[in-house]
Amino acid sequence: MKSIILMGECMVELRRDGHDEIVQSFAGDVYNAGVYLKRCNPEIQVQLATQIGTDTLSEQMLTVFTDEGISGDLVLQTPHRLPGLYWVNTDSEGERSFLYWRENAAARWQVEHYNDEYIAQLKQVDIFFFSGISLAILQPEHRQRFWEVLRELKAAGVTIAFDPNYRPKLWASVADTKTQYDMAFSLCDIALPGVEDFAMLYDLTDFAAVEAFLAPYNIAEQVIKDGPNGVVVLLDAKRTFIPITAVKNVIDTTSAGDSFNGVYLGSRMNGESIDVAVAKAAKMAGKVIQYPGAIIPKSI
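Residues numbered from 1 in each chain as written. Predicted model: local features only at pLDDT ≥ 70, side-chain atom pairs only at ≥ 80, totals over all residues. Heavy atoms only, no water.

1. Quick word on the sheet that holds strand S8 (residues 96-101)
Sheet strands line up and pair through hydrogen bonds in the backbone, either parallel or antiparallel.
No. 1: Spatial strand order, S3-S2-S7-S8: four strands in an open sheet with mixed pairing. The sheet is open, and its two borders are formed by strand S3 (22-27) and S8, each paired with just one other strand. Ignoring which end each strand starts from, the neighbouring axes of this sheet average 25° apart.
No. 2: As judged from the six bridges shared by strand S7 (residues 85-90) and S8, these two strands associate in the antiparallel manner. By the bridge assignment, Val88 is partnered in S8 with Phe98.
No. 3: In the packing of helix H2 (residues 56-67) onto the sheet, the strands contacted are strand S2 (11-16) and S3, and the crossing angle to S3 comes to about 65°. (Pairing = 2+ DSSP bridges. Helix = DSSP H or I, 4+ residues; strand = E, 2+ residues; numbered from the N terminus. Axes fitted to C-alpha atoms, helices over the stretch in contact; angles between N-to-C directions. Contact = heavy atoms within 4.5 Å.)

Given below as structure tokens:
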């Protein structure tokens, strides 16, 4: 059975529905990717590596993981901390902004609990996926340990996948971000960056500029996303541009990139071509942004 671990954070999500009522659910970029990966590829084993509390919301979160077919075997729990929380604001064009309460979220301390037994479990999978948000939330003093673990996984034959998913408010400085991303790009085998992230962080605004930036890292598979402008995939130095049909009825862009990542990785794990993988991933992302919230109902 093919298997993937997604490392990061799942949070309590709050938003208003169409009736101005507050809706509570659970979401987070790597978790969102895992949900859509599993829904489209139920035969793949999906595990979330994170840390939560032992409170009521944390227990509800574990139940939701199980309902989505995501293994909780690597979910650490601590009685001393709670999961993070965020509020979603969505404008008239579906673009979202967030308010966060995560300074003391349990997931920020997960790496300090990565003992030999835990790392041995991480080494048993095909792909280990993390994001810029996964990095940003970690306590700064734990990041060196994270890179040590990642080198161990890579040496053990695990494929490392990374999406920069840049959120400026989560980082102490631009210089700090660039240092950590340099490490990530140096170690990853699959990169899934968005042009928007590179525009904010590196002032690079098109495919060619992002490709040139990533070239020295010799990343085997690069999936460069630019929303409705299409996707460029570089696989073993071969470049393929894949156009995307824009969605007109955009309700909420939350989880667009996450759902794309999950479905793309799942398709590739099942041996599908990059054209098929991108088409499936774009179709899912297009569906997700037509509904409110990060996780759309299974029935849709």
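Following the structure, the description resumes.
2. Things to note about the packing of helix H5 (residues 143-155) against helix H6 (residues 174-187)
Think of two packed helices as two axes; the pair is described by the angle between the axes and how far apart they sit.
No. 1: Their axes nearest at 11 Å, the elements H5 and H6 cross at an angle of 10°. Relative to H6, the element H5 lies roughly parallel. Contacts from Arg143, Trp147, Leu150, Arg151 and Lys154 in H5 reach Asp176, Gln180, Met183, Ala184 and Leu187 in H6. (Parallel < 35°, antiparallel > 145°, perpendicular 65-115°, else oblique.)

3. Notes on H5
No. 1: If you check H5, its first and last C-alpha atoms are 18 Å apart, about what 13 residues at 1.5 Å a residue would give, namely 18 Å.
No. 2: If you check which residues of H5 are buried, you get Arg143, Phe146, Trp147, Val149, Leu150 and Leu153. Down the axis, H5 shows its buried residues gathered within 160° of arc, on one side only.
No. 3: Buried residues along H5 sit against strand S1 (3-7), helix H3 (116-122), strand S9 (127-131), helix H4 (132-137), strand S10 (159-163) and H6. (Expected span 1.5 Å × (residues − 1). Buried < 20%, exposed > 50% of the residue type's maximum accessible area, 1.4 Å probe, protein only. Arc of directions from axis to C-beta.)

4. Description of the layout of surface pockets
No. 1: The calculated volume of the largest pocket comes to roughly 1,400 Å³.
No. 2: Every residue lining the largest pocket is counted, 48 residues in all, and those nearest its centre are Arg96, Glu196, Thr253, Ala256 and Gly257.
No. 3: If you list the elements that add at least two residues to the lining of the largest pocket, you get helix H1 (29-40), S8, helix H7 (195-202), helix H9 (256-269) and helix H10 (274-288).
No. 4: Here the residues of the lining of the largest pocket sort into 21 nonpolar, twelve polar and 15 charged. (1 Å grid on protein atoms, 1.4 Å probe; cavity = no way out; pocket = protein on both sides within 12 Å on 5 of 7 lines; lining within 4 Å. Points joined across faces, edges and corners; volume = space filled by probe spheres on them. Nonpolar A, V, L, I, M, F, W, Y, C, P; charged D, E, K, R; others polar.)

5. Some thoughts on the environment of Ser71
No. 1: Position of Ser71 relative to the elements: it lies in strand S5 (residues 70-71).
No. 2: It is 35 Å that separates the C-alpha atoms of Ser71 and Ala199, two residues lying 128 residues apart in sequence.
No. 3: Residues contacting Ser71, with those up to four places away along its chain left out, are Val46, Gln47 and Leu48.
No. 4: At 3.1 Å, the side chain of Ser71 forms a polar contact with the backbone nitrogen of Asp73. (Polar contact = N/O pair within 3.5 Å; in protein donor to acceptor, adjacent residues only side chain to side chain.)

6. Here's the deal with the packing of aromatic side chains
No. 1: For the structure shown, the criterion picks out 23 aromatic pairs.
No. 2: When the ring of Tyr166 is compared with that of Tyr181, the centres are 6.4 Å apart and the planes differ by 80°; the resulting orientation is edge-to-face. Note that Tyr166 is positioned in the loop between S10 and H6 and Tyr181 in helix H6, a separation of 15 residues in sequence. Considered together, Tyr166 and Tyr181 belong to a single accessibility category, that of buried residues.
No. 3: The side chain of Arg81 reaches across the aromatic face of Trp109, ending 3.6 Å from its centre. (Phe/Tyr/Trp six-rings, centres within 6.5 Å; stacked < 30°, edge-to-face > 60°. Lys NZ or Arg CZ within 6 Å of the ring centre and 35° of its normal.)

7. Section: unusual backbone geometry
No. 1: Despite not being glycine, Asp203 shows a phi value in the positive range, around 60°.
No. 2: Along the polypeptide, Asp203 turns up in the loop between H7 and helix H8 (207-214).
No. 3: Of note in this structure, Asn218 is not a glycine but carries a positive phi near 55°.
No. 4: Assignment of secondary structure puts Asn218 in the loop between H8 and strand S12 (221-225).

8. Focus on H8
No. 1: Turning to H8, its buried residues are Phe207, Val210, Glu211 and Leu214. When H8 is viewed along its axis, its buried side chains cluster within an angular range of 100° and face the same direction. In H8, those exposed residues whose orientation departs by more than 90 degrees from the buried face are Ala208 and Ala212.
No. 2: Contacts from the buried residues of H8 go to H6, H7, S12, strand S13 (231-235) and strand S14 (238-242).

9. Quick notes on the packing of H7 against H8
No. 1: In contact at an axis separation of 10 Å, H7 and H8 are set at 70° when each is read in the N-to-C sense. Taken together, the axes of H7 and H8 lie roughly perpendicular to each other. Residue-level contacts link Val195, Phe198 and Tyr202 of H7 to Phe207, Val210, Phe213 and Leu214 of H8.
No. 2: Classifying every residue of the contact of H7 with H8 by side-chain character gives seven nonpolar, no polar and no charged.

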